[in-house]
Amino acid sequence: MARRSSTSNNKKKVRRHNAGNSKLKRPPGNPAKTVDDLLEEASASMAALNVEKAYQSYSQAASLLQLGKVSSRNPSETELINVLEKMGELQVSMGDQDRAKEHFVQALGLLEEHKQKEQQKQQHNQSDGKKAQEWEFYESHCNLS
């Protein structure tokens with residue numbers, strides 16, 4: 001019996017030792033996941049057919065994108081639109097059609113806004129180009145007199 005208790009004590013020591021090592025592997029401060037981390041996690045979850053986990057990861061990524069809390073890069077509106085689309089697809093696969101519709105409608109609204117902004121940029125660039133041509137014409141005629 002003495003051997004059993006010493007063996008169980010050794011196992012306890014090993015368990016405590018392993019628990020201590022797992023804490024050392026984490027960086028201090030437990031930094032939050034980035035959008036890229038969450039998107040990779042969601043893709044892996046979808047590949048593993050873990051729909052609920054994929055939805056959670058996409059949902060967290062969407063929240064970060066909406067808040068603009070993205071480190072070391074500029075998020076695009078199209079990235080948020082794509083995430084919302086994936087969330088809608090996942091809700092369809094989970095059987096929640098109403099929630100899926102909300103995600104799709106939100107994505108379509110953002111897509112419309114993005115399209116309008118792009119059109120405004122193009123119009124602004126065209127008007128700037130016209131003004132530059134008019135100014136060049138004016139300068140060339142002023143130098144002739």
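Structural data are supplied above this passage.
Some thoughts on the overall build of the protein
So, point 1. Looking only at helices and strands, the protein features 5 helices and 0 strands.
So, point 2. The buried share of the protein, reckoned over its 145 residues, is 18%.
So, point 3. Taken as a whole, the protein presents about 11400 Å² of accessible surface, with 52% of it coming from carbon and sulfur.

Concerning the nonpolar core
So, point 1. In terms of nonpolar packing, the biggest core is built from 18 residues, with Val 35, Leu 39, Tyr 58, Val 83 and Met 87 touching the most fellow members.
So, point 2. Only helix H2 (35-47), helix H3 (51-67) and helix H4 (77-94) provide two or more residues apiece to this core.
So, point 3. Looking at which element gives the most residues to this core, the answer is H3, with 7 residues.
So, point 4. Excluding residues that lie within four positions of it along the chain, Val 83 makes contacts with Leu 39, Tyr 58, Ala 62 and Leu 65.

Thoughts on the environment of Ser 76
So, point 1. The residue Ser 76 is located in the loop between H3 and H4 in this model.
So, point 2. For Ser 76, a relative accessible area of 33% translates into the label partly exposed.
So, point 3. Sequence separation between Ser 76 and His 114 is 38 residues, and the spatial gap between their C-alpha atoms is 9.8 Å.

Considerations on the pattern of salt bridges
So, point 1. The tally for this structure, following the rule as stated, stands at 4 salt bridges.
So, point 2. Between Lys 53 and Glu 41 there is a salt bridge; the shortest N-O distance is 3.2 Å. One end of the pair, Lys 53, is in helix H3; the other, Glu 41, is in helix H2, with 12 residues separating them in the sequence.
So, point 3. Under the relative-accessibility criterion, Lys 53 is labelled partly exposed at 29%.
So, point 4. Linked by salt bridges that have partners in common, Lys 33, Glu 41 and Lys 53 make up one network.

Quick word on the packing of H2 against H3
So, point 1. The N-to-C vectors of H2 and H3 enclose an angle of 160 degrees; their axes lie 8 Å apart at closest approach. As far as their axial angle goes, H3 and H2 are roughly antiparallel. The two elements H2 and H3 cross, and the hand of that crossing is left-handed. Contacts between H2 and H3 involve Val 35, Leu 38, Leu 39, Glu 41, Ala 42, Ser 43, Ser 45 and Met 46 from the first element and Lys 53, Ala 54, Ser 57, Tyr 58, Gln 60, Ala 61, Leu 64 and Leu 65 from the second.
So, point 2. Here the contact of H2 with H3 is built from residues that sort into 10 nonpolar, 4 polar and 2 charged.

About the criteria used
Residues numbered from 1 in each chain as written. Predicted model: local features only at pLDDT ≥ 70, side-chain atom pairs only at ≥ 80, totals over all residues. Heavy atoms only, no water. Helix = DSSP H or I, 4+ residues; strand = E, 2+ residues; numbered from the N terminus. Buried < 20%, exposed > 50% of the residue type's maximum accessible area, 1.4 Å probe, protein only. Areas by Shrake-Rupley, 256 points an atom, 1.4 Å probe, with all protein chains shown as cover. Core = buried A, V, L, I, M, F, W, Y, C linked by side-chain atoms within 4.5 Å. Contact = heavy atoms within 4.5 Å. Salt bridge = Lys/Arg side-chain N within 4 Å of Asp/Glu carboxyl O. Axes fitted to C-alpha atoms, helices over the stretch in contact; angles between N-to-C directions. Parallel < 35°, antiparallel > 145°, perpendicular 65-115°, else oblique. Left-handed = near helix turned anticlockwise from the far one by under 90°. Nonpolar A, V, L, I, M, F, W, Y, C, P; charged D, E, K, R; others polar.

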